[in-house]
Structures are given as C-alpha cells and as structure tokens.
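Each chain, letter by letter, is given below.
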Amino acid sequence: MKNTVLTLQKQKEEKDKIIMVTAYDYTTAKIMDESGVNTILVGDSLGMTMLGYEDTLSVTMEDMIHHTAAVSRGVKEAFVVADMPFMSYQTSVYDAVVNAGRLMKEGRANAVKLEGGVEFAPHIEAIVKASIPVVAHIGLTPQSVNAFGGFKVQGKDVEAAKKLIEDAKAIEAAGACMVVLECVPAKLAERISQELTIPTIGIGAGAGCDGQVLVYQDLLGMYGDFKPKFVKVFANVGEVMREGMKAYIRETKEGTFPAEEHCFKIDDSVIEKLY
Ligand code: KIV
C-alpha cells in the first residue's frame, strides 16, 4: 500500500512509529522500499554522502532533481520527500513555490522538505496552496551551519526551547504535513510531539518523536568521515563491501574468477576455423 500524507497522519494517531530513511539512487531506494520503510528522504545530505562536499551548501536544484527522479523510479510504496537545497527557497516565496514545483514535476517527489521555522511560514503556506505537501525541518538545520557557528544541539535554554515550540506551532499552522526535529533535547522533542497534531520525525531528538530518520550510510556503517552521537550502526555494510572487494581482487589476480559458469560458450569448430 502506498504511504501518503493520510496514512502517515494515521500512524501518529495510532502511535505506530513512522520510519524514514534517506536514499539518493534507484538501487538503494528499491531496497529501502522493499524493506518496508514508510518514507524515503532524498536529503541534501547527498552533498556529503554522495558528492563528497563538507556540508550541504553547494547542493543545487539540478542535483536534487537528478537524485529524486532516480529514487522515485525505484519506489512503489514509500512516500518520497525531496529536500529543497540551500537558496532554492530562502530568496523569496515565489522561488520557493517554483522550485518545490520542479521537485514534484521533474523529480516526481510526493512532498518537499525545507529548513526553518516561523520565518518560513509564508513559504510553507504558499507551497501548500499549490497542492504540494511540505515537511518542515527545525532544530539543527544544516543549511544554517555558518549562522549557528557549527553543528550544535538546539533548544537547550528556556528562550531557545520556547522559540522551537513557537517554530513548530507556526509550521503546523502554515499547513506542513510533518516536521523533522534534528538535534533537539529528548524531553523538548517529546513535548513538541505531544503539542502538535502533525507527525514529528526525530534525528538526535529521542524516542518521544512520532518517527525516526537516519542517513542510510550512517545506519549501515558505510560513511566513516564523521559519526554523530545519535547514530546507531545497525549493520556493517561498509565492512561487507570492503571484504567483497578484496575477494574480487584476490580471485581475479589468482585467475579463479571468472570461472566456467561466468563464461559464454562457443563451438570448438568455430575457433578451429580461425587458424
Ligand atoms: O539531508 C538530510 O539527510 C536530512 C536529514 C538528516 C533529516 O535533512
């Protein structure tokens, strides 16, 4: 069954945790979809995990459309959310609607995600008016890394915690269908999850959220550049890949690969006539 804004909302109401994971290509999206995740995020984290940048700021609309379209082709049931890259919506409400529309039309996403709270309520409202579901993202918003002065836990003092609650409420009032809470203290994220009617998806925000999201290379032990505190490695796929590559190199050098079963046959008489 296809996951939609309605089924995700129902999951919150029934206290059935929503599972979100990132994917950036057809093959991985197909595996994630077949595993039974509810939603796939084509995150601008692809700037780091797929393109090797040090942050998300260089990711373009073209990058996001290219990867979102590949993911959409691999998915049957998951709800596909595409990140709006840095400067694709901050510049104006008009740009936000135009670029959200491109991710839906060219990327075939089911929703777009943008970073920011109360300041971006007009942008969210306009995109939603264009019949495009919006997932908001508050707390640690990586596109603001330079303004924050680094990747830091957000909402730790009274003023900052109040601002996060205000942001969450403004986002909901503007019509967002979900909100990602990144690097928010667990008790505060739980409180926000209780106060909102829309689902909250946590990353570094504790178990009190309505769902969880992780970057797939993190949860599968494939991305070694940096490991945030909130990441749990569920399977060491990176190690399995390294072992597989070593076996391929060894057997090829030994001449045991390719074996007979990997080769195409030709009648000996054809070979004989060549000399
Ligand atoms: O880009 C991304 O992968 C994200 C998640 C970390 C929520 O925004």
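Keep in mind that what you see is a predicted model, and the values were worked out from it rather than measured.

A. Local environment of the packing of helix α4 (residues 61–74) against helix α5 (residues 93–105). With their axes 9 Å apart at the nearest point, α4 and α5 run at an angle of 25° to one another. One element, α4, and the other, α5, form an angle in the roughly parallel class. Considering how the two elements wind past one another, α4 and α5 form a crossing that is right-handed. In contact with M61, E62, M64, I65 and T68 of α4, α5 contributes N99, R102 and L103. Class assignment of the residues belonging to the contact of α4 with α5 gives a composition of four nonpolar, two polar and two charged.

B. Focus on the pattern of salt bridges. According to the stated counting rule, one finds twelve salt bridges in the structure shown. A salt bridge links K12 to D210; the nearest nitrogen and oxygen atoms lie 2.8 Å apart. With K12 in helix α1 (residues 5–13) and D210 in the loop between β7 (200–203) and β8 (211–214), this residue pair connects regions lying 198 residues apart in the sequence. For K12, a relative accessible area of 12% corresponds to the buried category. Owing to a relative accessible area of 13%, D210 belongs among the buried residues under this scheme. Measuring nitrogen to oxygen at the nearest pair gives 2.8 Å for the salt bridge that ties R191 to E195. Here E195 and R191 lie together in helix α9 (residues 186–195), a separation of four residues that amounts to about one turn. With relative accessibility at 46%, the residue R191 sits in the partly exposed group. For E195, a relative accessible area of 32% gives the class partly exposed.

The rules behind these values
Residues numbered from 1 in each chain as written. Predicted model: local features only at pLDDT ≥ 70, side-chain atom pairs only at ≥ 80, totals over all residues. Heavy atoms only, no water. Axes fitted to C-alpha atoms, helices over the stretch in contact; angles between N-to-C directions. Helix = DSSP H or I, 4+ residues; strand = E, 2+ residues; numbered from the N terminus. Parallel < 35°, antiparallel > 145°, perpendicular 65-115°, else oblique. Left-handed = near helix turned anticlockwise from the far one by under 90°. Contact = heavy atoms within 4.5 Å. Nonpolar A, V, L, I, M, F, W, Y, C, P; charged D, E, K, R; others polar. Salt bridge = Lys/Arg side-chain N within 4 Å of Asp/Glu carboxyl O. Buried < 20%, exposed > 50% of the residue type's maximum accessible area, 1.4 Å probe, protein only.

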